[in-house]
Amino acid sequence: MSLPKKPDFDHDKIRQAVKLLFEAIGEDTNRPGIVETPDRVVSVFEELFEGCKYTNAEIAKYNTVLFDSPSKGIVIEKIEGPGLNGICEHHLLPMFDMTVYVGYIPHGKVIGLSKLSRIAELCAKRPSLQEKIGADIAECVQLATGTKDVAVIITAKHGCIQFRGAKKNVITKTVELRGTFLTDSKCATEFYELVKNL
């Protein structure tokens, strides 16, 4: 089941905001190099912030493809690639080189593996914090699979650290544990060990 088409963002407001930003820093909005930038930003925002158009419940609902399975072991998927990036809500700078590890324990059903990737991508496509992206992914996986036992690890680099302020090459790792992963240290340890070997 594919996500329903939602209305576009307010393109006129985006264009106006970009023009105001250029004016605020003293740029000529009619300069050839940037005269078309507001239109370009409209297209970029439609892609970068696609996740803003959907609630976590909607993301889960439209990415629920389940298969019967007797498995009780941990299922883990490593998700990375050029489509997986976020935007920090504090500075509107990118979170990049992102890798997401999603683990869950099936309770009679397993989810189509491509759906985990799509959930992670949509949750990242919002102005957010890395910790919040992990929590959103975990909630969506819980809703989509019907299991409470979900674990999410995210590693990423942050433009707000690398391009300004500290100007350091830092990798940030966050962990979101739910259900058995949170209450059973052996289960969490098994998840961490499996992730190390992916």
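In this text the structure is predicted, and so the values were computed from the model without any measurement. (Residues numbered from 1 in each chain as written. Predicted model: local features only at pLDDT ≥ 70, side-chain atom pairs only at ≥ 80, totals over all residues. Heavy atoms only, no water.)

## Structural notes on helix 5 (residues 130-145)
With 16 residues, helix 5 extends 23 Å from end C-alpha to end C-alpha; this agrees with the ideal 22 Å at 1.5 Å per step. Of all the positions in helix 5, only Gln130, Ile133, Gly134, Ala135, Asp136, Ile137, Ala138, Cys140, Val141, Ala144 and Thr145 are classed as buried. Downstream of helix 5 by a residue or two, Gly146 has a phi angle that is positive, lying close to 80 degrees. (Helix = DSSP H or I, 4+ residues; strand = E, 2+ residues; numbered from the N terminus. Expected span 1.5 Å × (residues − 1). Buried < 20%, exposed > 50% of the residue type's maximum accessible area, 1.4 Å probe, protein only.)

## A look at the pairing of strand 7 (residues 150-158)
The element strand 7 is largely enclosed, with a buried count of nine among its nine residues. Pairing analysis gives eight bridges linking strand 4 (residues 94-104) to strand 7, with the strands arranged antiparallel. Note on strand 7: the bridge partner recorded for Tyr104 is Val150. Examined bridge by bridge, strand 7 and strand 8 (residues 171-178) share eight bridges and lie antiparallel to one another. Pairing of Lys157 across the sheet is with Ile171, part of strand 8. (Pairing = 2+ DSSP bridges.)

## Some points on the environment of Glu121
Structurally, the position occupied by Glu121 is in helix 4 (residues 113-124). Sequence-distant contacts of Glu121, that is, excluding residues within four places in its chain, are made with Gly83 and Leu84. There is a polar contact of 3.1 Å between the side chain of Glu121 and the side chain of Lys125. (Contact = heavy atoms within 4.5 Å. Polar contact = N/O pair within 3.5 Å; in protein donor to acceptor, adjacent residues only side chain to side chain.)

## Details of the packing of aromatic side chains
This model, assessed by the stated rule, comprises four aromatic pairs. Between Phe96 and Phe163, the ring centres sit 5.8 Å apart and the planes meet at 5 degrees, which makes this aromatic pair stacked. Here Phe96, found in strand 4, pairs with Phe163, found in the loop between helix 6 (159-162) and strand 8; they are 67 residues apart in sequence, far enough to count as distant. Residue Phe96 is classed as buried on the basis of its relative accessible area, which comes to 18%. (Phe/Tyr/Trp six-rings, centres within 6.5 Å; stacked < 30°, edge-to-face > 60°.)

## Points about the environment of Asp184
Within the secondary structure layout, Asp184 lies in the loop between helix 7 (180-183) and helix 8 (185-196). Residue class for Asp184 comes out partly exposed when judged on its relative accessible area of 32%. Separated by 2.9 Å, the side chain of Asp184 and the backbone nitrogen of Lys186 make a polar contact.

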